[in-house]
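# Inside the fold
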Amino acid sequence: MALGDTQSVTGDTRSVTLHTSAEASQGGTKGSYKTRVLVLVRHNLLAEAIATALGSLGGGVEVIGRAGRPGKGVALAALLRPDVILLDEAFHRNGPQRALSSLKTATPESRVVALIHSAGPAPNAPWLASCAAAVSKDACLADLASVLEAVAGGASLGLVEPAERAEAKPALSKRELEVLGLICRGLANKEIARILGLSHHTVHNHVARLFSRLGAHSRLEALSIAAREGLLNLG
């Protein structure tokens, strides 16, 4: 592939564009370079929601790919060679060390930021020692983006505690949170109704109210907002 060329790569449900390193340095200043991030989070729909939310910040982070399955994630990492990989601790069912080892083999130069439960593994857990930083799933999206940029610049931050947030999160009922969690799993209203023992009409109303409270117009937008506001259990 010639310098400056681009190649389309098929992800889980959308195509991503691979940019050569020459492309990043030509026709722009140092300040215009964006940190190239690969998002690896369990469940395809949730991976896409987080990728979309990060991209919507309009800062120095460019999400170049995302995956919700280990096989696809490792393949994309090897092909895209991202600056930073955002790795969900629950990404591989055999444990994070297995996922991390495969990624380090596929793209040893990429740095890894772990996405962990706030009450999850201790900061000195063996697999975290190989990560440049670990961010709690309670952190806000802007803080996560800042960590990704800092790590791409060579920083090693260890465990990053979530900052206190002054703004209130959208108030969702227990039932709406249950519906949100099932939407996150990619389930349709009919499947949600069966699992919760509700009528299709009742689920439709819950989804409509959920969208209204979040200010969303689609399921993906609702998940993006929920991820940004820390309303999702990403485990």
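Okay, so let's go over this structure. Here the structure is a predicted model, which means the values were calculated and not measured.

How each quantity is defined
- Residues numbered from 1 in each chain as written.
- Predicted model: local features only at pLDDT ≥ 70, side-chain atom pairs only at ≥ 80, totals over all residues.
- Heavy atoms only, no water.
- Helix = DSSP H or I, 4+ residues; strand = E, 2+ residues; numbered from the N terminus.
- Buried < 20%, exposed > 50% of the residue type's maximum accessible area, 1.4 Å probe, protein only.
- Contact = heavy atoms within 4.5 Å.
- Areas by Shrake-Rupley, 256 points an atom, 1.4 Å probe, with all protein chains shown as cover.
- Expected span 1.5 Å × (residues − 1).
- Arc of directions from axis to C-beta.
- Pairing = 2+ DSSP bridges.
- Axes fitted to C-alpha atoms, helices over the stretch in contact; angles between N-to-C directions.
- Core = buried A, V, L, I, M, F, W, Y, C linked by side-chain atoms within 4.5 Å.

### A few points about the overall build of the protein
Looking only at helices and strands, the protein has 9 helices and 8 strands in total. Across the 235 residues in the protein, those meeting the buried criterion constitute 44%. Sequence-distant contacts in the protein: of pairs separated by 6 or more residues, those separated by 24 or more amount to 63%. Of the accessible surface of the protein, which amounts to about 11,400 Å², a share of 51% is contributed by carbon and sulfur atoms.

### Points about helix α5 (residues 141–152)
The end-to-end C-alpha distance of α5, which contains 12 residues, comes to 17 Å, matching closely the 16 Å that a straight helix rising 1.5 Å per residue would cover. Leu141, Leu144, Ala145, Val147, Leu148 and Val151 are the residues of α5 that are buried. Looking straight down α5, one finds its buried side chains confined to an arc of 160 degrees; they lie on one side. Gly154 lies just past α5 and shows a positive phi near 110 degrees.

### Quick look at the sheet that holds strand β5 (residues 84–88)
Spatial strand order, β4-β3-β5-β6-β7-β8: 6 strands in an open sheet with parallel pairing. Each edge of the open sheet carries a strand with a single partner, namely β4 (61–67) and β8 (158–160). Looking at each pair of strands side by side, their axes are set apart by 25 degrees on average, direction ignored. Bridging between strand β7 (residues 133–136) and β8 involves 3 bridges; their strand directions are parallel. Note that in β8 the partner of Val135 across the bridge is Val160. On top of the sheet, helix α2 (residues 44–56) reaches β3 (35–40), β4 and β5; it is set at about 175 degrees to β4, its chief contact. The strands touched by α5 are β3, β4, β5, β6 (111–116), β7 and β8; relative to β5, the strand with the most contacts, the crossing angle is about 135 degrees.

### Some words on unusual backbone geometry
With a phi angle near 80 degrees, His43 is a residue other than glycine that sits in the positive phi range. A positive phi angle, close to 50 degrees, is found at Arg81, a residue other than glycine. Within the element layout of this structure, Arg81 appears in the loop between α3 (70–80) and β5. Judged by its relative accessible area of 37%, Arg81 falls in the partly exposed class.

### With respect to helix α6 (residues 174–184)
Think of an α-helix as 3.6 residues a turn; residues three or four steps apart then line up on the same face. Those residues of α6 that fall on the buried side of the exposure criterion are Glu176, Val179, Leu180, Leu182, Ile183 and Cys184. Its buried side turned inward, α6 meets α2, α7 (189–196), α8 (200–214) and α9 (219–228). Gly186 occupies a position one or two residues after α6 and carries a positive phi of about 85 degrees.

### Notes on the environment of Leu80
Assignment of secondary structure puts Leu80 in helix α3. Judged by relative accessible area, Leu80 falls into the buried class, the value being 2%. Between the C-alpha atoms of Leu80 and Arg36, which are 44 residues apart in sequence, the distance is 9.1 Å.

### Some thoughts on the nonpolar core
Membership of the largest hydrophobic core comes to 49 residues, with the highest contact counts inside it found for Val39, Leu54, Leu86, Val113 and Leu148. Looking at this core element by element, the count peaks at 7 residues for α2. Discounting residues that sit within four places of it in the chain, Val113 has contacts with Val84, Ile85, Leu86, Leu87, Ala133, Val135, Val147, Leu148 and Val151. Formed by 21 residues, the second largest nonpolar core is a distinct cluster that contains Ile85, Ala99, Ile116 and Trp127.

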